[in-house]
Structures are given as C-alpha cells and as structure tokens.
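Examining the three-dimensional arrangement
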Amino acid sequence: MNSIEKNKLPKHIAVILDGNGRWAQLRNLPRSEGHRKGGENLKRFIDDILELQIPYISLYAFSTENWKRPKTEIHSLWKLMLEFFAKYLEECIEKKICIKISGDITKLPKSNQEIINEAINKTKKNKHLYVNFCINYGSQQEIINAINQILEIKINQFQQTGQIKKINKKEFEKYLYTYPLPPVDLLIRPGGEYRISNFLLWQCAYAELYFTKTLWPDFSKEDLYNALEWYSKRERRFGGLLSIK
Ligand code: FPP
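Note that the structure is a prediction, hence the values are computed from the model and not measured. (Residues numbered from 1 in each chain as written. Predicted model: local features only at pLDDT ≥ 70, side-chain atom pairs only at ≥ 80, totals over all residues. Heavy atoms only, no water.)

1. Comments concerning the overall build of the chain
Applicable threshold: The helix count covers DSSP runs of H or I at least four residues long, the strand count covers runs of E at least two residues long, and both are numbered beginning at the N terminus. Only the protein chains shown count as covering a residue, and every accessible area follows the Shrake-Rupley method with a 1.4 Å probe.
Looking only at helices and strands, the chain has seven helices and six strands in total. The secondary structure elements of the chain, listed N-terminal to C-terminal, are β-α-α-β-α-β-α-β-α-α-β-β-α. Principal-axis analysis of the C-alpha atoms gives the chain an extent of 65 × 55 × 35 Å. Looking at the chain as shown, the accessible area adds up to about 13,900 Å², and 53% of this sits on carbon and sulfur atoms.

2. Brief notes about the packing of helix H2 (residues 31–52) against helix H7 (residues 221–232)
This is how the line gets drawn: Geometry is summarised by axes, namely lines fitted to C-alpha atoms with helices restricted to the contacting stretch, and by angles between N-to-C directions that run from 0 to 180 degrees. Throughout, the term roughly parallel applies to angles under 35 degrees, roughly antiparallel to angles over 145, roughly perpendicular to angles from 65 to 115, and oblique to all others. The hand of a helix crossing depends on one turn: near helix anticlockwise from the far one by less than a right angle means left-handed, and clockwise means right-handed. In what follows, residue pairs with any heavy atoms lying within 4.5 Å of each other are defined as contacts. Under the convention adopted here, Pro, Cys and the residues Ala, Val, Leu, Ile, Met, Phe, Trp and Tyr are nonpolar, Asp, Glu, Lys and Arg are charged, and Gly plus all remaining residues are polar.
It is at 10 Å that the axes of H2 and H7 come closest, and there the two elements cross at 45°. Considered as vectors, H2 and H7 are oriented oblique to each other. Where H2 crosses over H7, the two elements pack in a sense that is right-handed. Together, Arg44, Phe45, Asp48, Ile49, Glu51 and Leu52 of H2 and Lys221, Leu224, Tyr225 and Leu228 of H7 make up the contact between the two elements. Residues belonging to the contact of H2 with H7 are distributed by class as follows: six nonpolar, no polar and four charged.

3. Here's the deal with the environment of Lys154
Where we set the bar: Burial classes: relative accessible area under 20% of the type maximum marks a residue as buried, over 50% as exposed, and values in between as partly exposed (1.4 Å probe, protein chains only).
The topology assignment puts Lys154 in helix H5 (residues 139–161). Judged by relative accessible area, which is 13%, Lys154 ranks as buried. Residues Lys154 and Pro30, spaced 124 residues apart in sequence, show a C-alpha to C-alpha distance of 50 Å. Leaving out residues up to four positions away in the same chain, Lys154 has contacts with Ile164, Lys165 and Ile167.

4. Examining the sheet that holds strand S5 (residues 186–189)
Each strand in a sheet pairs with its neighbour through backbone hydrogen bonds, running either in the same direction (parallel) or in the opposite one (antiparallel). We apply this condition: For two strands to be treated as a pair, DSSP must find at least two bridges joining them.
With parallel pairing, the six strands of this open sheet are ordered in space as S3-S4-S2-S1-S5-S6. Two strands bound the open sheet, and with one partner strand each, they are strand S3 (97–102) and strand S6 (208–211). On average, each strand axis in the sheet is tilted by 20° relative to the strand beside it, whichever way the strands run. Pairing geometry for strand S2 (residues 56–63) and strand S4 (residues 129–137), over seven bridges, is parallel. In the sheet register, Ile57 faces S4, and the bridge partner there is Val131. Across the sheet, helix H3 (residues 71–94) lies against S2, S3 and S4, angled at about 155° from S2, the strand it touches most.

5. Overview of the site of the ligand
The condition that has to hold: Near, as used in this document, describes a residue that has one of its heavy atoms within 4 Å of the molecule or strand being considered. Polar contact criterion, stated in full: a pair of N or O atoms within 3.5 Å, where within protein one must be able to donate a hydrogen and the other to accept it, and residues adjacent in sequence count only if both atoms are side-chain atoms.
Leu17, Asp18, Arg22, Arg31 and Arg69 are the nearest of the 18 residues found near the ligand. Separating an oxygen atom of the ligand from a backbone N or O atom of Gly19 is a distance of 3.2 Å. Interatomic distance of 2.7 Å between a backbone N/O atom of Arg22 and an oxygen atom of the ligand. Against a free-state accessible area of 640 Å², the protein chains account for coverage of 92% of the ligand. At the level of elements, helix H1 (20–25), H2 and H3 are the ones that each hand at least two residues to the shell around the ligand. When grouped by side-chain class, the residues that make up the shell around the ligand number seven nonpolar, seven polar and four charged.

6. Topic: a nonpolar patch on the surface
The criterion, for reference: In this analysis, a patch consists of residues with relative accessible area above 30% that form no salt bridge, clustered at 9 Å for like charges and at 5 Å for the nonpolar side chains Val, Leu, Ile, Met, Phe, Trp and Tyr. A pair is scored as a salt bridge if a Lys or Arg side-chain nitrogen falls within 4 Å of a carboxyl oxygen belonging to Asp or Glu.
A cluster of nonpolar side chains, contributed by Ile147, Leu151 and Ile155, occupies part of the molecular surface with about 260 Å² of accessible area. Tracing the backbone through its elements, the reader meets Ile147 in helix H5. The class for Ile147 is partly exposed, based on a relative accessible area of 41%.

Right, dumping it as structure tokens:
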C-alpha cells in the first residue's frame, strides 16, 4: 500500500455503509449476519482511520427511510448497535475517540438511547477522532429541523424587538445535527450504487464522491487506501479555477 502525503488526506470522510444485505445473501446467510459483519468491519475501519490520524468520520448507520424495512431486520440492527457500543465503548475512551450522533435517536429502543447517551457523555472531551454515527438520520429532515428551530427563535426575536435579523450560512450550520463538524471532504459509497441517498446533502456540497462496487463488509484497508489515493489526486477548486502549474 502506498503511503499518501499527510497534507493530501481528507479531514472529514463520510461513509454510506451499503451492501451488508447483499454480502449475506451471496452466502445464503440472513441479512442480519451481513449487518453483523458490517459492524465488525466498522471497528476495523475506525482503527485504520486512527492510524492515518484523520480527525472526523461520519457513518450512515440507519436512515429515516430504513424504517420501511421488515421489523425483524430493524430489531436486529438495534441489537447489533447495542452490542457494538457495549463492546467498544471502553476502547473508544482509551483511544480518545469522541462519539457524536446525528439524527433523532428518541425513536430508538430505550436501551439503545441509554447506551448512546452514555457513549456521548463518556467521550465528549476526547479530541483524537470524532466518530459521527448518523442514526435515524436523513438530510432533508435535518435541514427542515434546522429551519424549524430558527423559525422559533426568529418568532421570539420578532415578538421582542419587532424586527427579524436575517441569518447567514455560518449561523444556519449551527442548527444542523453535525455541528460543529467541518464539511465533508470525501464521501465513500461502497455497494455499487451511484447516489447519495439523503446523506449529508448540505455538508457534502463540495465533497469528492468515491463509489466502489465492493460491499461494505468486504471494504478493506486496501480499499480505503485506494479511495485516499484517488482523493489525493483530485484538484479541489470549490467553484474557483484550475491552478496553473
Ligand atoms: C445498508 O446496507 C446498511 C445498513 C442499513 C445498516 C448499517 C449498519 C451497520 C454497518 C451496523 C453497525 C452500526 C453501528 C452503529 C454499530 P443494506 O442492508 O442496505 O445492504 P444491501 O443494499 O446489500 O441490502
């Protein structure tokens, strides 16, 4: 595996953890086995990210649309998440990982909410790596939620002052679930689909998009390095012009 110049690494990587179900079906296993294998791979992936000293990752673990899945699959996901946090929380604390959640977790089973809140509290001072789990997350919902919070503040402001002060991009971002994380530099989607699926639409405005057919449970360190090597060669212009060499 080639080493990549540190200054060419992304600061924030977002991953759509896709392909667990197909990984299991290809092996005649229940879909829940694919999720279990996907969870194990997640742990390995986080260790690779720590080694690379990349400071932020966002992981799409359950979308607002995933509620359409069979109840048995949803329950197996909650069980898996519970086990994941129970098993790795101590290690996260030791490795100075800060666990952040984006999404509305109040719809999750109580035990999941409890362990997630415990993980947030016990790791909130850590700064080595921010792991942002996007759970019951949808980008459109996130933006509507931000607008509604701002509306409430503005109505109050109007009632008190008779005026409404307009907001800018920086202020708007404070109301997104992902605040204070920086924008996404690299979005990785394993699993062979070429879409963003309502994931971090605002935050990915200038992200480089990397798609691979590899299914998430098979996504290896080598796959990560391939994505990073591809990213290191991208010329990021943010709407400006090509740099003249
Ligand atoms: C999408 O694959 C994957 C999910 C909906 C769940 C992702 C969850 C994990 C990797 C488990 C670990 C999560 C935590 C927070 C510990 P899919 O089932 O849609 O795959 P398919 O497209 O092949 O059917």
